[in-house]
Amino acid sequence: MPALRRFGQTDFPPVFVSLLAVISLFLMEPFSAVQAETALSVSASVPDYSRSHTVESPCDPTLDIPMSITPYVAYANLCVFSDQEDITALSGDEIQMFNRLNEIREANGLPRLMWHPGAARAARMHGVDMMKRDYFAHASLEGLRASDRLRRLNRREVFGVVAENLAWFRDGYPQTYSGLTLQRQLEQSPKHYKSMVDGSYTHVGLSIVRQGDTYIAVQVFLSSEGQLEVPVPSMVHSGDGFELPPRLGLREVGGWRLVDETGAIVAKGYDRIVRIPEIQHKRLRLMILAAETPTSYLILNGPSADYQ
């Protein structure tokens, strides 16, 4: 009998900077596991655990994935989104899961979730990575979470709240995998089900991957607030600048923040021209102020970039 994996509750870093809450739920059932985790905050800072290696293949599963943005995206394209010899993406099962999620939404009087290709990429990245490096957790071995993956892989994306559900299953007696096995497993957990019927989320992207007799599903829910007109470059330099759109959906853009690895604001403005200052930090996160009322703003999440 395989070792049981950990599973718990739902992970969503949000629109407000000051609130942090983490809730965990642990369950056990044969040959399967579900996990979710919930956190309200701007993405936590992540230390750089990268180290040098001498290897023939950049896709060696014994290695850390790159922490810098450009090589991270290159790694994802080469080692995750290209064909894998022993890991299969189950596109038909993904469609079944997506349709089932919207059946649940409609039964609860909620709008249907829209498919989000960027969130699906983030989900695929995490599912394949967990398979390749043999772990099961919301954070990668380097500490990257769903919001970090969204910020790295989607260079124009602006989002608010985000949540991630994970499920794991190993085929075998007495249970046999079918297309909705992982979805039904998640529905049995109140914490995971809560994410499915949370009206804060407008979009979802998901992935189901198989390696041998093991299956992993990743669901990424988010409130998609719109896209920038020009992608944020993966690397920025002092003196660089770019313009934000006048509106994101129905919200007027009223300013911006650049946040460093520690969460500290290193630059800000109350206009639409983002200016990169001279700083001593390795990585920046773009935050955008969007009008919620005439006197208040939401702080929304934009892409991350390396600084040089």
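Every chain is numbered independently, its residues counted from 1 as its sequence is written. Note on the predicted model: pLDDT of at least 70 is required for a residue's local features to be given, and 80 or more for side-chain atom pairs to be given and counted; whole-chain, interface and lining totals, by contrast, use all residues. Where side-chain values are given, they derive from all heavy atoms of the structure, hydrogens and water being excluded.

Helix and strand definitions here come from DSSP, where helices need a minimum of 4 consecutive H or I residues and strands a minimum of 2 consecutive E residues; each element is numbered from the N-terminal end. A count of helices and strands for the protein chain gives six helices and 16 strands. Classification of residues uses two cut-offs on accessible area relative to the type maximum, computed with a 1.4 Å probe and protein chains only: under 20% is buried, over 50% is exposed, and between them is partly exposed. Looking at the protein chain residue by residue over its 308 residues, the buried ones come to 53%. Look at the contacts in the protein chain between residues 6 or more apart in sequence, and 70% of them connect residues 24 or more apart. Split by element, the accessible area of the protein chain, about 13800 Å² in all, is 54% carbon and sulfur. Residues are treated as being in contact if the distance between any of their heavy atoms lies within 4.5 Å. Note on areas: Shrake-Rupley with a 1.4 Å probe; residue coverage comes only from the protein chains shown.

Among the buried residues, those of types Ala, Val, Leu, Ile, Met, Phe, Trp, Tyr and Cys that are joined through side-chain atoms within 4.5 Å form a nonpolar core. With 32 residues, the main nonpolar core has Met 125, Met 130, Leu 150, Val 162, Ile 216, Val 218 and Val 220 as its most contacted residues. Contributing elements (two or more residues each) for this core: helix H1 (69-79), helix H3 (117-133), helix H4 (146-153), strand S6 (157-170) and strand S8 (214-227). With seven residues, the single largest contributor to this core is H3. Setting aside residues up to four positions removed in sequence, Ile 216 forms contacts with Gly 127, Met 130, Met 131, Ala 167, Trp 168, Leu 182, Ser 207, Ile 208 and Val 209.

Glancing now at the packing of aromatic side chains. Pairing of aromatic rings covers Phe, Tyr and Trp, the last counted by its six-membered ring, and requires centre-to-centre distances within 6.5 Å; plane angles under 30 degrees mean stacked, over 60 mean edge-to-face, and any other angle means tilted. By the definition in use, this model includes five aromatic pairs. Consider the rings of Phe 169 and Tyr 177, whose centres lie 6.2 Å apart with planes at 45 degrees: the pair is tilted. Take Phe 169: its relative accessible area is 2%, and that puts it in the buried class. Taken together, a centroid distance of 6.3 Å and an interplanar angle of 50 degrees make the contact between Phe 169 and Tyr 215 tilted. Here Phe 169, found in strand S6, pairs with Tyr 215, found in strand S8; they are 46 residues apart in sequence, far enough to count as distant. Three or more aromatic residues link up through ring pairs in this structure, and these residues are Phe 169, Tyr 177 and Tyr 215. Its end group placed over the ring of Tyr 72, Arg 152 keeps NZ or CZ at 5.5 Å from the ring centre. By definition, being over a ring means that NZ of Lys or CZ of Arg is both within 6 Å of the ring centre and within 35 degrees of the ring normal.

Geometric values such as these leave the question of function open.
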